[in-house]
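Structural characterization, general
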Amino acid sequence: MTNMPFFTRDGDTFHPTEVANGPWDPKSLHGRVIIGLLGFAIEERHSGPEFVPARLTVDMFRLPTIDKPIQVTTRLVRDGMRIRVVEAEFVSGGVSMARASCQLLRRTQNPEGNVWSPPNWDVPKPSDIPKPTDPRLGMNGKWATRPIVGHMGSLGPRKLWMSEVRELVAGVPMTPFVHVATGADFASPFANAGDKGLGYINSDVTIYLHRLPVTNWIGFEVVNHHATDGVAIGECWLYDEEGPIGTATVAALAQRKPMANPSKR
């Protein structure tokens, strides 16, 4: 990757670059990089090849600005033979802005017998889909997309491939888990945008994974959105090019001014 990374690193301090900003305020961080950095720190300090990060929940209760240095603290809550639980805190300019909880499960073998699962989605591979001509579909180069069905805000099925085009932290190749964690925030606009634009901003993300992706393209399929009194939930099933890998679920609250829909064509 030759594009500018989202963060540079100086010891235990991370510095956002100019591409780490989000859609709501050009001076604030994008939710995707907050989630990605928390996942990065958890995996770097507490994971291992024998564990699968089966669940990552991130609460985002303040909006960090792009000009403040960031520290991520972690705490090992439980280190058992089969279950490892880690908590992490995202601190920007000395103020706590977000927190995460991650449950890592040790790899074993599936038990005998068959259990029903939904069928794999039948969609074209990313390499078989033309690159979109509208740069806004990837927020002008923050990530790459290959639309499959529908688009953000369309009233009907929505499916899309997404891939990262830059490192999260300069000089550190993205691992499969960090790849998923960084992209998972997309579940909120993809599931919660409507025909008048995106009127919800998510306050959290929960990722469930039964395995890590083995390809760089992550598939998103909207499977749920409901809202009452300005409180919404949205959910996407997640895939790689070999099949299902998990889910991304968000809670969101209504914004007073819906954002213009950047992906509607």
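Residues numbered from 1 in each chain as written. Predicted model: local features only at pLDDT ≥ 70, side-chain atom pairs only at ≥ 80, totals over all residues. Heavy atoms only, no water.

1. What to know about the packing of helix α1 (residues 31-46) against helix α2 (residues 176-183)
Two elements in contact, α1 and α2, have axes separated by 7 Å at closest approach and are oriented at 155 degrees. Between α1 and α2, the crossing angle belongs to the class labelled roughly antiparallel. Between α1 and α2 the crossing geometry is right-handed. Of the residues in α2, those in contact with R32, I35, G36, G39, F40 and E43 of α1 are F177, V178, A181, T182 and G183. (Axes fitted to C-alpha atoms, helices over the stretch in contact; angles between N-to-C directions. Helix = DSSP H or I, 4+ residues; strand = E, 2+ residues; numbered from the N terminus. Parallel < 35°, antiparallel > 145°, perpendicular 65-115°, else oblique. Left-handed = near helix turned anticlockwise from the far one by under 90°. Contact = heavy atoms within 4.5 Å.)

2. Some words on the UniProt feature "domain: Acyl-CoA thioesterase-like N-terminal HotDog" (unreviewed entry) in the protein
Annotation from UniProt places "domain: Acyl-CoA thioesterase-like N-terminal HotDog" (unreviewed entry) at residues 22-102. The span residues 22-102 carries 20% helix and 47% strand; its end-to-end C-alpha distance comes to 24 Å. (UniProt positions renumbered as here; feature names shortened; annotations may be inferred.)

3. Concerning unusual backbone geometry
The backbone of N140 sits at a positive phi, close to 55 degrees, despite the residue not being glycine. Take N140: it is sitting in the loop between β6 (95-106) and β7 (143-149). Phi is positive for D229, close to 55 degrees, though the residue is something other than glycine. Looking at the element boundaries, D229 is found in the loop between β11 (218-228) and β12 (231-240). On the basis of relative accessibility, which here comes to 79%, the residue D229 falls in the exposed class. (Buried < 20%, exposed > 50% of the residue type's maximum accessible area, 1.4 Å probe, protein only.)

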